[in-house]
Amino acid sequence: MKRRDFLTSTALGATAMTLNACHRAEEEHSDNSTQVPRGKKVTLKLATSWPAHFPIMGTGIDNFAKRCFELSGGTLEIKIFPKNILVPALQVFDATSAAQIDAFHSGVYYWKGKNSAFSIFGGMPLGLTSEEMITWMKFGGGYALWREMYAKFNLYPLIGGTTGPQMGGWFKKEIKSLSDLQGLKMRIPGLGGEVLKKLGVNPVLLPAGELYTALERGTIDATEWVGPALDSMMGFSKAAPFYYTGWHEPGSILEITFNKTKWDKLSDTHQAIITAASEEMTANMLQEFRYKNAKALQELPSNVQIKTFPKDMMDATKVALKEVLFEESKKSSDFKRALESYEAFVKLNQPFDDISTKNFLNIRG
Ligand code: CA
């Protein structure tokens, strides 16, 4: 027998054997109407902090639910409830913790009032990019700490998307030096807001629906949001034409978080499907943000002026961030532990990033 014939006949033989095995398996299960038993049907209620089908984030979670249904052969149904339908946007954490709903999709930094360490899992000003944050979570110990700290609230978190680098925000007046920040009222949440507070800014939190009017009426002088794709839908350019490059949210992490008792009761298969679908969603969201931001940047109104913050402000920002991190570490041992893990990864990652990505981007120009 020639080698090729041998390979062909062996392959065919293997196929025939597989078919026979399938046939036998079918016969053995002929009295059972379920061909591939994957466990009984499970339906979960998941509430979000976004309006229904909100671009990129809302459509991302819609697709996550669809994928869980498909991958489970219809045995895992996740019903999505947009903000304020079952639960107000910023009460999804408490509602899931108390098992009023099974899961939520939101942004991690909203919960820093529960535990200041959570702001680190949501992303760091002047810190890691989305890809680097995910690497810290999966390989550098971030996930283990996040899950340990969420377990105290009976919650089990998964990364549920990431925004990529966000823009620095829309300003009514140009920021020419650090002194221009004095007394400025800006909508900016999280650690970024804490940092700007040290530089004389009055950081405020306003719901998304009120941002444009507040900016137009001068109730606030500036607002950050996300990036060109989502910002351009808000019309900020009409009230505040100076659009600054980012520093405060280089890789913000969103979450799909489950009530832990409910999560632990899911089958291994359903847990694996949810985990895989969340990873797929995270990759898709990052790619969609990149593509749509790039496109929306080309289509910004002609009055928009793209600016970079002045050097004296960025230098002061770096000093202020160190102060904020030091102060938070003194107040909370959880914050200190999360920061130590985060900084250990930064120390490991930075030399390689310098000679690989950063070096290459400089060469590419
Ligand atoms: Ca933002």
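As annotated in an unreviewed UniProt entry, the chain carries the name TRAP-type C4-dicarboxylate transport system, periplasmic component and comes from uncultured Sulfurovum sp.

In this section: the pairing of strand β2 (residues 76-81). Judged from the six bridges that link them, strand β1 (residues 42-48) and β2 form a sheet pairing that is parallel. Bridge pairing links Lys45 to Lys79 in β2. The parallel pair β1 and β2, bridged by helix α2 (residues 57-71), forms a crossover whose chirality is right-handed.

Further remarks concern the sheet that holds β2. Spatially, the five strands line up as an open sheet ordered β2-β1-β3-β10-β4, and their pairing is mixed. Sheet topology places β2 and β4 (155-162) at the edges, where each strand pairs with a single neighbour. Mean inter-strand twist for the sheet, computed between neighbouring axes without regard to direction, equals 25°. On top of the sheet, helix α11 (residues 268-298) reaches β1, β2, β3 (103-107), β4 and β10 (253-259); it is set at about 30° to β4, its chief contact.

Let us now look at the packing of helix α6 (residues 142-151) against helix α13 (residues 333-364). Between α6 and α13, whose axes approach to 10 Å, the crossing angle comes to 165°. The angle between α6 and α13 places the two elements in the roughly antiparallel class. α6 and α13 meet at a crossing whose hand is left-handed. Contacts between α6 and α13 involve Gly142, Leu145, Glu148 and Met149 from the first element and Asp334, Arg337, Ala338 and Ser341 from the second. Split by residue class, the contact of α6 with α13 holds three nonpolar, two polar and three charged.

On to the nonpolar core, then. Formed by 100 residues in total, the largest nonpolar core has its most connected members in Phe64, Phe121 and Ile274. Taken together, domain 1 (3-165 + 251-295) and domain 2 (169-248 + 302-331) each give at least three residues to this core, which thus spans both.

For the rest of this paragraph, the subject is helix α8 (residues 208-217). Helical geometry note: an α-helix holds 3.6 residues per turn, so side chains three or four residues apart project in the same direction. Of the positions making up α8, those classed as buried are Leu211, Ala214 and Leu215. The arc that holds the buried residues of α8, viewed along the axis, is 95°, so those residues lie on one side. What points out from α8, more than 90 degrees from its buried face, is the exposed set Gly209 and Arg217. Buried positions along α8 lie against β6 (185-187) and β8 (222-223). Of the residues one or two after α8, Gly218 is the one with positive phi, at around 80°.

So, how was this worked out
- Here, residues in each chain are numbered from 1, in the same order as that chain's written sequence.
- Side-chain atom pairs in this predicted model are given and counted only at pLDDT of 80 or more, local residue features only at pLDDT of at least 70, and totals for whole chains, interfaces and linings cover all residues.
- Excluded from the side-chain calculations are hydrogens and water; all other atoms, namely the structure's heavy atoms, are used.
- Pairs of strands are assigned from DSSP output, requiring at least two bridges between the strands.
- Only DSSP runs of H or I covering at least 4 residues are called helices, and only runs of E covering at least 2 are called strands; the numbering of each starts at the N terminus.
- Note on handedness: a clockwise path from strand one over the helix to strand two, with the strands aimed away from the viewer, defines a right-handed crossover.
- To obtain each axis, a line is fitted to C-alpha atoms, and for helices this fit is confined to the stretch in contact; angles are then taken between N-to-C directions over 0 to 180 degrees.
- By the convention used here, residues are in contact when the closest approach between their heavy atoms is within 4.5 Å.
- With respect to orientation, any angle under 35 degrees is reported as roughly parallel, any angle over 145 as roughly antiparallel, any angle of 65 to 115 as roughly perpendicular, and every other angle as oblique.
- We call a crossing left-handed when the near helix sits turned anticlockwise from the far one by less than a right angle, and right-handed when that turn is clockwise.
- Ten residues, namely Ala, Val, Leu, Ile, Met, Phe, Trp, Tyr, Cys and Pro, are considered nonpolar, four, namely Asp, Glu, Lys and Arg, are considered charged, and the remaining ones, Gly among them, are considered polar.
- Nonpolar cores are built from buried Ala, Val, Leu, Ile, Met, Phe, Trp, Tyr and Cys residues. Side-chain atoms within 4.5 Å join them into one set.
- Between buried and exposed lies partly exposed: a residue is buried under 20% and exposed over 50% of the maximum accessible area for its type, with that area taken using a 1.4 Å probe on protein chains only.
- Domains are outlined according to an automatic or database domain assignment.
- In this description, the arc belongs to the directions extending from the helix axis to the C-beta atoms.

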